[in-house]
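Understanding the architecture of this molecule
So you can see what is in the structure, the chains are spelled out below.
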Amino acid sequence: MKRRREIEKSSSEIRSAIEELSMFIKLKPKDNLDAPRIHIPTKPFLHLCNLVLQVLDKIGPTMLVLRQDIHQNIQRLEKFCESDPSKYANVVEILKKEASEGNARKKTSCSKAFLWLTRSLDFMVALLQRLAKDPGQKMEQAVEESYNIALKPWHGWISSAAFKVALKLLPDSVTFMNILMAKDETYDNLKEEMQTLTSLLVPFLEEIHSILRLQGLDMLKSK
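We now turn to the structure provided with this report. Remember, predicted model here, so these are calculated numbers, not experimental data.

Parameters and conventions
- Residues numbered from 1 in each chain as written.
- Predicted model: local features only at pLDDT ≥ 70, side-chain atom pairs only at ≥ 80, totals over all residues.
- Heavy atoms only, no water.
- Helix = DSSP H or I, 4+ residues; strand = E, 2+ residues; numbered from the N terminus.
- Rg over C-alpha atoms; globule rule 2.2 N^0.38 Å.
- Salt bridge = Lys/Arg side-chain N within 4 Å of Asp/Glu carboxyl O.
- Buried < 20%, exposed > 50% of the residue type's maximum accessible area, 1.4 Å probe, protein only.
- Arc of directions from axis to C-beta.
- Contact = heavy atoms within 4.5 Å.
- Polar contact = N/O pair within 3.5 Å; in protein donor to acceptor, adjacent residues only side chain to side chain.
- Phe/Tyr/Trp six-rings, centres within 6.5 Å; stacked < 30°, edge-to-face > 60°.
- Lys NZ or Arg CZ within 6 Å of the ring centre and 35° of its normal.

What follows covers the overall build of the chain. Of regular secondary structure, the chain possesses 10 helices and zero strands. Ordering the α and β elements of the chain from the N terminus gives α-α-α-α-α-α-α-α-α-α. Scaling as 2.2 N^0.38, a compact globule of 223 residues should have a C-alpha radius of gyration of about 17 Å, and the chain matches this with 18 Å. By its C-alpha atoms, the chain is 50 × 40 × 35 Å across when sized along the principal axes.

Shown next as structure tokens:
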């Protein structure tokens, strides 16, 4: 058990996410000038979202509601993808199918699951950017500012109120950074990796948001 924990600690979620995104960029199909191809690989995207879950676990039980939403949305997309793995290896194909059937805006659609997973990634980017810029910033302030940018505009008052309560139970930023660090890391190493990850995530998320706009999904709010 001790050996397992040491192996897990040797590679952080931040490093794993960097590796995942770097591989995605490297393997991404090149656009055809006559017909640009929009491609968001389903499984790598969901793996990235699972890494976000692991980071939220380290923030603690205060993120339980957000964590549950992310987990359910991941499961919904995984189940749909498994119905025809080759056809739905690209998330865009899932969005197109639901749009053609008139199901994209339904509460339990994969399109909505994809939208909220993207917004959760937006939240993680905003949080990591703040902590990388100022590791000494109060965790409550960093999380609240990130929430206000990425999630609050789309949440109803019940979700917003629940989040306000959760803010009071956050760990301090030093504790959180220590938990995020891999076994051989320093604060400077972690800060550099957080900056690397956000620099990879920002253009990736910009592409996803352009897809959501094309599908008319980008402005949907929770009820």
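Once you've had a look at it, read on.
With that out of the way, let us pick up the pattern of salt bridges. Enumeration according to the criterion identifies nine salt bridges in this entry. Between Glu-144 and Lys-164 there is a salt bridge whose closest N-O contact spans 2.7 Å. Separated by 20 residues along the polypeptide, Glu-144 in helix H7 (residues 139–150) and Lys-164 in helix H8 (residues 157–166) bring together distant segments of the chain. The network of salt bridges with common partners includes Arg-15, Asp-184, Glu-185 and Glu-193.

Every buried residue belonging to H8 is among Ser-160, Phe-163 and Ala-166, and all of these are buried. Across the axial projection of H8, the buried residues extend over an arc of 115 degrees, all falling on one side. Set apart from the buried face of H8 by more than 90 degrees, the exposed residues are Trp-157, Ile-158 and Val-165. On its buried face, H8 is in contact with helix H6 (110–133) and H7.

A few words on the side chain of Arg-15. Mapped onto the fold, Arg-15 is located in helix H2 (residues 13–27). Relative accessible area serves as the criterion here: at 18%, Arg-15 is assigned to the buried category. A polar contact is formed between the side chain of Arg-15 and the side chain of Glu-193, at a distance of 2.7 Å.

What follows is about the environment of Leu-121. Among the structural elements, Leu-121 can be located in helix H6. With 100 residues separating them in the primary sequence, Leu-121 and Lys-221 have C-alpha atoms 16 Å apart. The contact partners of Leu-121, leaving out residues within four places of it in the chain, are Phe-45, Leu-48, Cys-49, Val-52 and Leu-205.

Bringing the environment of Glu-98 into the picture now. By the secondary structure assignment, Glu-98 is in helix H5 (residues 91–101). When its relative accessible area of 6% is taken as the criterion, Glu-98 is described as buried. C-alpha of Glu-98 to C-alpha of Ser-109: the two residues are 11 residues apart in sequence and 7.6 Å apart in space. Excluding residues within four positions of it along the chain, Glu-98 makes contact with Phe-80, Asn-103, Ala-104, Ser-109, Cys-110 and Ser-111.

This part covers the packing of aromatic side chains. Under the defined criterion, the tally for this structure stands at six aromatic pairs. Where Phe-80 meets Tyr-88, the ring centres are 4.8 Å apart and the plane angle is 65 degrees; that geometry is what we call edge-to-face. On the basis of relative accessible area, Tyr-88 is assigned to the buried category, the value being 4%. Here a set of aromatic residues connected by ring pairs shows up, and it is made of Phe-24, Phe-45, Phe-114 and Phe-204. Above the plane of the ring of Trp-116 lies Arg-119, whose end atom (NZ or CZ) is 4.7 Å from the centre.

Any functional reading would require information that these geometric values do not contain.
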